[in-house]
Amino acid sequence: MPMFKAPFNGYSVKFSPFYESRLAVATAQNFGILGNGRIHVLELSPGGPGVTESIAFDTADAVYDVCWSESHESVLIAAIGDGSVKIYDTALPPPSNPIRSFQEHAREVHSVDYNPTRRDSFLTASWDDTVKLWAMDRPASIRTFKEHAYCVYQAVWNPKHGDVFASASGDCTLRIWDVREPGSTMIIPAHDLEILSCDWNKYDDCVLATSSVDKTIKVWDVRSYRAPLAVLNGHGYAVRKVKFSPHRRNLIASCSYDMTVCLWDYTVEDALVGRYDHHTEFAVGIDMSVVVEGLMASTGWDELVYVWQQGMDPRAS
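Source: prediction; values computed, not measured.

A.B. asks: Could you clarify how one ought to interpret the overall build of the protein in this entry?
C.D. replies: Within the protein, the regular secondary structure consists of zero helices and 28 strands. Compactness check: the protein gives a C-alpha radius of gyration of 18 Å against a globular reference of 20 Å for 317 residues, within 12% of the reference. Dimensions of the protein, computed from C-alpha atoms along their principal axes, come out at roughly 50 × 45 × 35 Å. Looking at the protein residue by residue over its 317 residues, the buried ones come to 60%. Counting contacts in the protein only where the partners sit at least 6 residues apart, residues at least 24 apart contribute 46% of the total. Taken as two groups, the 28 positive and 40 negative side-chain charges of the protein have centres that lie 3 Å from each other.

Below, the structure written as structure tokens:
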């Protein structure tokens, strides 16, 4: 399966929603603590293993996350460690990039998510305890959401409702927001330790998953959230990222500081349906292709990006 060696530590990997063979990777020097960052745009070789870099963008600080625009196939947005949010056009050479840069967050920007239904706006989550809403054509953020009492590690749009999003925080709460409302519409005390990630089910807009430092993944129904629908145990350390499959209703992927990537069916008793141990350092980034069913990618602090078909060995050539 294709593998790419980056010069820095991997933080995030995202498949293009337009091209089946394209993905972007966010990386950071020195484990994101101090130093530069780089965004790699990779192309999978047609008909065989292999991956090539089509373009790369250097940043003065760590890159913690990237996301593709849902309306412009060549545009991606990056979450940067210096508090900035940068927009790149991969059709333009590196000297012409970034095409936009926003400096509003007071601390590291940890996640970025493009609105999949409206396709004109995106969210950023930051260690300054806030989430910000942005539009591509606005010179500044539209709104700042301030309720969390600690770092917000991720904010993700609901896949069906263009005004609704969820945020996961180190304050141990998951919050549901509607941009038309003055404050959060729901507060779920989802874990006893920091919540590092969240994602919505792509087939049921009331179901979402959280992952935590407590080593678990929990699945929630916002219609009755006093208790989780499922608690998924199997990781040995903090679960860094959780992602619902774009193709299978019950399937969840996760990656962890235990260096593994796991696949889960949260509706069955033996929920763990796959475990991949190809990384040799913290596994911190994971994605599943919307365009190609079963195609997965992961990255981690071992500076490697793997792309593989579900059920295959990521290391097999």
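Next comes the rest of the account.
A.B. asks: Hey, could you run me through the sheet that holds strand S7 (residues 75-80) in this one?
C.D. replies: Think of a sheet as strands paired side by side through backbone hydrogen bonds, with each pair either parallel or antiparallel. Here we have four strands laid out as an open sheet, ordered S6-S7-S8-S9, and antiparallel in their pairing. Edge strands, defined here as strands with exactly one partner in the open sheet, are strand S6 (63-68) and strand S9 (100-103). If you compare each strand with its neighbour and ignore which way they point, the axes differ by 20 degrees on average. Summarising the sheet, strand S8 (residues 84-89) and S9 pair through four bridges and their orientation is antiparallel. Within S9, the position partnered with Lys86 by the bridge is Ser101.

A.B. asks: I would appreciate a short explanation of a nonpolar patch on the surface in the present structure.
C.D. replies: A surface patch of nonpolar side chains, about 350 Å² in accessible area, is lined by Phe31, Ile33 and Leu34. Here Leu34 lies in the loop between strand S3 (22-28) and strand S4 (37-44). Leu34 gets classed as exposed once you look at its relative accessible area, which sits at 65%.

A.B. asks: Explain unusual backbone geometry here, please?
C.D. replies: Excluding glycine, residues mostly have negative phi values, and the peptide bonds linking residues are mostly trans. In this structure, Pro98 follows Asn97 across a cis peptide bond, with omega equal to -5 degrees. With respect to the helices and strands, Pro98 occurs in the loop between S8 and S9. Residues other than glycine seldom take positive phi values, yet Asp129 does so here, at roughly 75 degrees. As for its placement among the helices and strands, Asp129 is situated in the loop between strand S11 (121-126) and strand S12 (130-135). A positive phi is found at Cys172, a non-glycine position, where the angle reads about 75 degrees. Along the chain, Cys172 falls in the loop between strand S15 (164-169) and strand S16 (174-178). In this structure Cys172 comes out as buried when scored by relative accessible area, which is 18%.

What counts and what doesn't
Residues numbered from 1 in each chain as written. Predicted model: local features only at pLDDT ≥ 70, side-chain atom pairs only at ≥ 80, totals over all residues. Heavy atoms only, no water. Helix = DSSP H or I, 4+ residues; strand = E, 2+ residues; numbered from the N terminus. Rg over C-alpha atoms; globule rule 2.2 N^0.38 Å. Buried < 20%, exposed > 50% of the residue type's maximum accessible area, 1.4 Å probe, protein only. Contact = heavy atoms within 4.5 Å. Lys, Arg positive; Asp, Glu negative; His and termini not counted. Charge placed at Lys NZ, Arg CZ, Asp CG, Glu CD. Pairing = 2+ DSSP bridges. Axes fitted to C-alpha atoms, helices over the stretch in contact; angles between N-to-C directions. Patch = residues over 30% accessible without salt bridge, like charges linked within 9 Å, V, L, I, M, F, W, Y side chains within 5 Å. Areas by Shrake-Rupley, 256 points an atom, 1.4 Å probe, with all protein chains shown as cover. Salt bridge = Lys/Arg side-chain N within 4 Å of Asp/Glu carboxyl O.

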